Amino acid sequence: MLFSSFSIAQTANDLELRLMDYDSLLQKRMYEIIVDDYQFLQLIETQNGKYKGIIKHCVWKLDNEEQGEKLIEKKINIPAELVKKLMDDLRLNNFENIPECTKEDGCITDLNGTTTYFNIYTDQINKSVSFLEIDPIYQLYRKSTIPFPVIQARKILELTYNEIDLRILFEGFKSKLPAGSYKFGFHDMKIKKFGKPGM
């Protein structure tokens, strides 16, 4: 069971979006999957063999110019057993060695769109790789020309979504938002009635 909480903060500071920083004295390994500025998945194995994880969804509520923007976020705690299973599965599927996606590989890197980040932190690894619109729904690549790094990244996402489907959880988060105008990533959204978004 996932346990969640809502919060609202009036801020324009990106630091509000951050989760826990990696500390090699406290954490053995930390994996993160981040979708633009609105979806965060953080998985941690501590040095004493404990596991914890959190999901964070964020949208910015657009008010009038005087009031500015309000960050609305939802945090979901992930059970330790699920964190351990997912971290072990990710490692077995080469998450720690996922390659960077470059133009030389045939990757598309120069368009505006949803970017997914994979961050890996261990006592020997500290890296972040990013992919533009890797979800197959975007159809950015033809099946015959999908670069290997994209194939690997999609495999990682599929494995993750089989355990924790961030897409479904984010839709559930949006369905509980009150009427108003919002933005997240490159998306603008208006909700005319409670929980009825229109893009």
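First, a word on scope: everything that follows refers to the structure included in this document. On a predicted model such as this, the values are computed, not experimentally measured, just so you know.

1. Some remarks on the state of the cysteines
At step 1: For the structure shown, the criterion picks out one disulfide.
At step 2: The disulfide that involves Cys 101 links it to Cys 107, with 1.8 Å between the sulfurs. A torsion of -95° about the S-S bond marks the disulfide between Cys 101 and Cys 107 as left-handed.
At step 3: Accessibility expressed as a relative area gives 9% for Cys 101, which makes it buried.
At step 4: By relative accessible area, which is 5% here, Cys 107 ends up buried.

2. So, helix H1 (residues 80–92)
At step 1: A rise of 1.5 Å per residue sets the reference length of H1, with its 13 residues, at 18 Å; its end C-alpha atoms lie 18 Å apart and thus fit the reference within 8%.
At step 2: Those residues of H1 not exposed but buried are Leu 82, Val 83, Leu 86, Met 87 and Leu 90. For H1, the angular spread of buried residues about the axis comes to 125°, placing them on one side. When the buried face of H1 is taken as reference, the exposed residues oriented beyond 90 degrees from it are Glu 81 and Leu 92.

3. Regarding the nonpolar core
At step 1: Ranked by size, the top nonpolar core spans 31 residues in total, and within it Leu 41, Leu 43, Phe 118 and Phe 131 carry the most contacts.
At step 2: Listing elements by their share of this core, those giving two or more residues are strand E2 (27–35), strand E3 (39–46), strand E4 (51–62), strand E5 (69–78), H1, strand E6 (115–122), strand E7 (126–132) and helix H2 (148–163).
At step 3: Here the element with the most residues in this core is H2; it accounts for six residues.
At step 4: Contacts of Leu 41, omitting those with residues within four sequence positions, involve Tyr 31, Glu 32, Ile 33, Ile 54, Ile 55, Ile 78, Leu 86, Thr 160, Ile 164 and Leu 166.
At step 5: Counting 11 residues, the second largest nonpolar core, distinct from the first, contains Val 35, Tyr 38, Phe 173 and Tyr 182.

4. Describing H2
At step 1: Between its first and last C-alpha atoms H2 spans 23 Å; for 16 residues at 1.5 Å apiece the expected length is 22 Å, and the two agree.
At step 2: Inspection of H2 places Pro 149, Val 150, Gln 152, Ala 153, Arg 154, Ile 156, Leu 157, Leu 159, Thr 160 and Tyr 161 among the buried residues, and these make up the whole buried set.

5. Notes on the packing of aromatic side chains
At step 1: Counted under the stated rule, the structure contains eight aromatic pairs.
At step 2: Judged by centre distance (4.9 Å) and plane angle (70°), the ring pair of Tyr 38 and Phe 184 falls under edge-to-face. Here Tyr 38, found in the loop between E2 and E3, pairs with Phe 184, found in strand E8 (residues 180–184); they are 146 residues apart in sequence, far enough to count as distant. Across this residue pair, the class does not change: Tyr 38 and Phe 184 are buried.
At step 3: Ring centres 5.8 Å apart and planes at 80° place the aromatic pair Phe 95 and Phe 118 in the edge-to-face group. Here Phe 95 is found in the loop between H1 and E6, whereas its partner Phe 118 is found in strand E6, with 23 residues between them in sequence. Comparing Phe 95 with Phe 118, the two get one shared label, buried.

6. Description of the pairing of E8
At step 1: In E8, alternate side chains face the same way, and those of Gly 180, Tyr 182 and Phe 184 are buried while those of Ser 181 and Lys 183 on the opposite face are not.
At step 2: Two strands pair when backbone bridges link them, and E4 and E8 are joined in this way by three bridges, in the antiparallel orientation. Each bridged residue has a counterpart across the sheet, and for Lys 61 the counterpart in E8 is Tyr 182.

7. Quick notes on unusual backbone geometry
At step 1: Although it is not a glycine, Asp 36 adopts a positive phi angle of roughly 45°.
At step 2: Checked against the element boundaries, Asp 36 lands in the loop between E2 and E3.
At step 3: Backbone geometry at Glu 133 places phi at a positive 45°, although glycine is not the residue there.
At step 4: Here Glu 133 lies in the loop between E7 and H2.
At step 5: Exposure remark for Glu 133: the relative accessible area of 17% places this residue in the buried category.

Reading the values: the criteria
Residues numbered from 1 in each chain as written. Predicted model: local features only at pLDDT ≥ 70, side-chain atom pairs only at ≥ 80, totals over all residues. Heavy atoms only, no water. Disulfide = S-S within 2.5 Å. Buried < 20%, exposed > 50% of the residue type's maximum accessible area, 1.4 Å probe, protein only. Helix = DSSP H or I, 4+ residues; strand = E, 2+ residues; numbered from the N terminus. Expected span 1.5 Å × (residues − 1). Arc of directions from axis to C-beta. Core = buried A, V, L, I, M, F, W, Y, C linked by side-chain atoms within 4.5 Å. Contact = heavy atoms within 4.5 Å. Phe/Tyr/Trp six-rings, centres within 6.5 Å; stacked < 30°, edge-to-face > 60°. Pairing = 2+ DSSP bridges.

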